[in-house]
Amino acid sequence: MGIENLILGFHIAITPFNLWMTVVGILLGTIIGVLPGLGGANGVAILLPVTFTMPPTSAIILLTSIYWGALFGGAITSILFNIPGEPWSVATTFDGYPMARQGQGGQALTAAFTSSFVGALFSIVLITFFAPVLAQIALKFGPPEIFAIQFLTFSSFVGLGGGNPLKSLVSILIGFILATVGLDIVTGQLRLTFGITELMRGFDFIIAVIGLFGIGEILLSVEEGLSFKGTRTGMNLRVVLDTWKILPRYWRTFVRSSFIGFWMGFKPGGATPASFMSYAFAKRFSKNADRFGKGEIEGVVAPETAAHAAGIAAMLPMITLGIPGSPTAAVMLGGLIIWGLQPGPLLFKDNPDFVWGLIASMYTGNIIGVFMVLAFVPLFAAILRIPFAILTPLIVVVCAIGSYAVHNSMLDIWYMLIFGVVGYVFKKLDYPLAPLVLALVLGDMAENALRQSLIMSQGSLAIFFNRPIAGAITAVALFFFILPAITPWWRRFRGSPSPAAQAGRD
Amino acid sequence: MRAAEFVTASILILLGGVVLFDAVRIGFGWGPDGPRSGFFPFWLALIMVVNCAVILAQSALGGRGKIFVSREQLGPVLKVLWPATAAVALMHFVGLYVASALYMGFYMRWVGRHSWVPVIVIALGLPIASFLIFEKWFLVPMPKGPLEQWLGY
């Protein structure tokens, strides 16, 4: 740890070959992020075999650059197509898409990329200087703390999500229930399979994401009959510079979202809740709260800053503890082992050139990335001019390819279609989809943390309260859960009028 | 809207019941080494059933609200859904590439009313391009049918 290590890292990261890998990775990653069926995790997994013959540092630089590119690319589809390429760009659609519809696509994209960059830089600086300290804090986390953090995550959906809190809760529960389908890894028992072999594998969250967001979104948008039509993005140098001029106004949102992003991000599955929490907080604290969901630039800044900060922060536990902080980081962890490296704290000792090369490449990758996406956006905007009758089947086919590639299973394509219809119905009835997906991703982890905690305490729930860190987190989580119940009462007490419904969610 | 709310909540209660049934079957209490397998699903399903019952009551008491889906809206939705379903069914027999060529061509011609030249160029070009990208470049195998077999893949 120290400046000389970082300088060593830069010596590795800015060799011509590694810089070339960065450029290729970001280009591929952005394309992968733009295609709704292929997310960062999938793209990294698909390209993993290509890296076997490379030196490990170049390989990780290529894969992480794909990851950064996918993070940037997710914003492009969210804003221009209203299709989140990744679950953590869902919140970006809330205001990004309305902005694009109003002809402010250029502003929205510039704000998104710049926010991503700011969030990323914040996380990278923190990783560089505070990695050892934070790793030690996280090392102390036992199952009760991990469960408390997940409890907090889901409580924020219920408490801060707006809309009907009961429906948010139902979405979370459906996600968790879907996650329990299949083999229980603790006891080896089959659950909810009813003797059907195909159900043993369970439901993969990638399929759910592709179906709920990809297919569901297409069904919803054809109904409106407006989407996919060529709204001009109006992206040029002047728009970029003008947007940069107004962005410093939102410095509070940048700072708050960066912190939320980093804090949520270094825990598994953090990017998605980080983007939602950041959006919810920005809405709560903004003077223009009523403009959220209708095309407010702050509503793009908040989730993008947090998502990218979280996406970078997800690398922290992977390199320091050997625990992936996101599905994409999990795939990279697999890569590390294949390249013959031992993930975990020993990396810093045994392979400093690898770790510090990686950390330095985060700086170079994101600096190159933000200029690349800004420059290439006119190319991506061209996608908007493709006729609707070509794009719809194309997206369906890409979604089908993405679904099939996960497990080489035709059944997954059928699941994708079913999830698509479910997503359409849920969206119309205002059941939020993101908590469902998140619960599906975190289901096993949450269940294991809960069970281990209960074993530690002999079945008493008190364990979530009488450990200091877990207790504090649980208390905040419980507060969020009862927030929807006390808010109307509080408003009456204060004598302020209660808004009938909080619009703008989903 | 009310009917759709009602049906959705009812289906979810039904599913919750199925989960409860399975959780009770495998045991949801305290086993010799901690909570049994059914523990987590049991409580999830129980809370979900109670929640959906409340949503059901809310929708029954609430006003009629806006229409869930109008006839004009449902048309385009089904127009996307059924060809997609047919294409997926077709993949079982002719593989993903041929099915997507037929699907793209059909959709472009039928919905988009594009003229034959772009229909044929795109319906053939995109599957060929995705074949090269996924089979050749990314080495991700997709479902294949008799045509690919005949070509030696």
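Conventions adopted
- Residues numbered from 1 in each chain as written.
- Chains lettered and ligands numbered in written order.
- Predicted model: local features only at pLDDT ≥ 70, side-chain atom pairs only at ≥ 80, totals over all residues.
- Heavy atoms only, no water.
- Helix = DSSP H or I, 4+ residues; strand = E, 2+ residues; numbered from the N terminus.
- Rg over C-alpha atoms; globule rule 2.2 N^0.38 Å.
- Buried < 20%, exposed > 50% of the residue type's maximum accessible area, 1.4 Å probe, protein only.
- Core = buried A, V, L, I, M, F, W, Y, C linked by side-chain atoms within 4.5 Å.
- Contact = heavy atoms within 4.5 Å.
- Salt bridge = Lys/Arg side-chain N within 4 Å of Asp/Glu carboxyl O.
- Polar contact = N/O pair within 3.5 Å; in protein donor to acceptor, adjacent residues only side chain to side chain.
- Phe/Tyr/Trp six-rings, centres within 6.5 Å; stacked < 30°, edge-to-face > 60°.
- Arc of directions from axis to C-beta.

> Just to check I follow, could you spell out the overall build of chain B for this structure?
Per the secondary structure count, chain B includes five helices and two strands. For 153 residues, the compact-globule estimate of 2.2 N^0.38 gives 15 Å, and the C-alpha radius of gyration of chain B, at 24 Å, exceeds that figure by more than 25%. C-alpha extents for chain B along the principal axes are approximately 60 × 50 × 25 Å. A total of 153 residues make up chain B; the buried ones form 41% of that total.

> Could you clarify how one ought to interpret the nonpolar core in this entry?
As a rule of thumb, nonpolar side chains are buried together in soluble globular proteins. Judged by nonpolar contacts, the single largest core of 126 residues is most densely connected at Phe113(A) and Met416(A). It is helix H3 (residues 71-110) of chain B that provides the largest number of residues to this core, a total of 12 residues. Every residue in contact with Phe113(A), bar those within four places of it in the chain, is listed here: Phe72(A), Ala75(A), Ile76(A), Val370(A), Val373(A), Leu374(A) and Val377(A). Counting 60 residues, the second-largest nonpolar core is a separate cluster that includes Trp68(A), Trp88(A), Ile124(A) and Leu347(A).

> It is not clear to me how the interface of chain B and chain A should be interpreted in this structure. Could you clarify?
The extent of an interface is frequently quoted as the accessible surface area lost upon association of the parts. In this assembly, 60 residues from chain B lie in contact with 58 residues from chain A. Between the two partners, chain B and chain A, sit one salt bridge. For Glu5(B), the salt bridge identified is with Lys167(A), shortest N-O distance 2.6 Å. At the boundary of chain B and chain A, one finds seven residue pairs in polar contact (both at pLDDT 80 or more). Sorting the residues of the side of chain B that touches chain A by element identifies helix H1 (2-26), strand S2 (34-35), helix H2 (39-61), H3 and helix H4 (116-137) of chain B as the ones contributing at least two each. With 17 residues, H3(B) is the single largest residue contributor to the side of chain B that touches chain A.

> What should I look at first to understand the packing of aromatic side chains in this one?
Aromatic ring pairs are described here by two measures, namely the spacing of the ring centres and the angle between the planes. Going through the model one piece at a time under the given rule, you end up with 23 aromatic pairs over all chains. Between Phe176(A) and Phe40(B), the aromatic rings sit 5.7 Å apart at their centres with planes inclined by 75°, giving edge-to-face as the arrangement. Separated into two different chains, Phe176(A) in helix H8 (residues 165-180) and Phe40(B) in helix H2 make up a pair that spans both. Across the pair, exposure class does not vary: Phe176(A) and Phe40(B) are buried alike.

> For this particular structure, what's the right way to read the side chain of Glu298(A)?
By secondary structure assignment, the location of Glu298(A) is in helix H13 (residues 298-313). Not counting the four nearest positions on each side in its chain, Glu298(A) is found in contact with Tyr250(A), Thr253(A), Ala282(A), Ser286(A), Phe292(A) and Pro303(A).

> Please clarify how helix H1 (residues 3-13) of chain A should be interpreted in this entry.
One full turn of an α-helix is made of 3.6 residues, so residues set three or four places apart face in the same direction. All names here are of chain A. Of the positions making up H1, those classed as buried are Asn 5, Leu 6, Gly 9, Ile 12 and Ala 13. The buried side chains of H1 occupy one side of the element, clustering within an arc of 110° when seen end-on. Opposite its buried face, H1 presents the exposed residues Glu 4 and His 11, each directed more than 90 degrees away.

> How should I be thinking about the environment of Arg284(A) in this particular structure?
With respect to the element layout, Arg284(A) can be found in helix H12 (residues 271-285). When the C-alpha atoms of Arg284(A) and His308(A) are compared, they prove to be 21 Å apart, with 24 residues separating the residues in sequence.

> What am I meant to see in the pattern of salt bridges here?
Pairing is possible between side chains of opposite charge, provided their charged atoms come close. Counted according to the given criterion, the structure contains nine salt bridges over all chains. Between Glu447(A) and Arg191(A) there is a salt bridge, with its nearest N and O atoms 2.7 Å apart. Of this pair, Glu447(A) sits in helix H20 (residues 434-456) while Arg191(A) sits in strand S2 (residues 190-191), placing them 256 residues apart in sequence. Relative accessible area serves as the criterion here: at 2%, Arg191(A) is assigned to the buried category. The partner of Arg25(B) in a salt bridge is Asp22(B), with the nearest N and O atoms 3.0 Å apart. Pair noted here: Arg25(B) and Asp22(B) are both in helix H1, with a separation of three residues, about one helical turn. We classify Arg25(B) as exposed; its relative accessible area is 54%. Using a relative accessible area of 2% as the deciding quantity, one classes Asp22(B) as buried. A cluster of three or more residues bridged by salt bridges with shared partners is formed by Asp184(A), Arg191(A), Glu447(A) and Arg451(A).

> Looking at this model, I keep getting lost on the environment of Ile401(A). Mind explaining?
Position of Ile401(A) among the secondary structure elements: in helix H18 (residues 388-407). With sequence-adjacent residues up to four places away left out, Ile401(A) is seen in contact with Leu96(B), Ser130(B), Phe134(B) and Met142(B).

So yeah, pure geometry; function would need other evidence.
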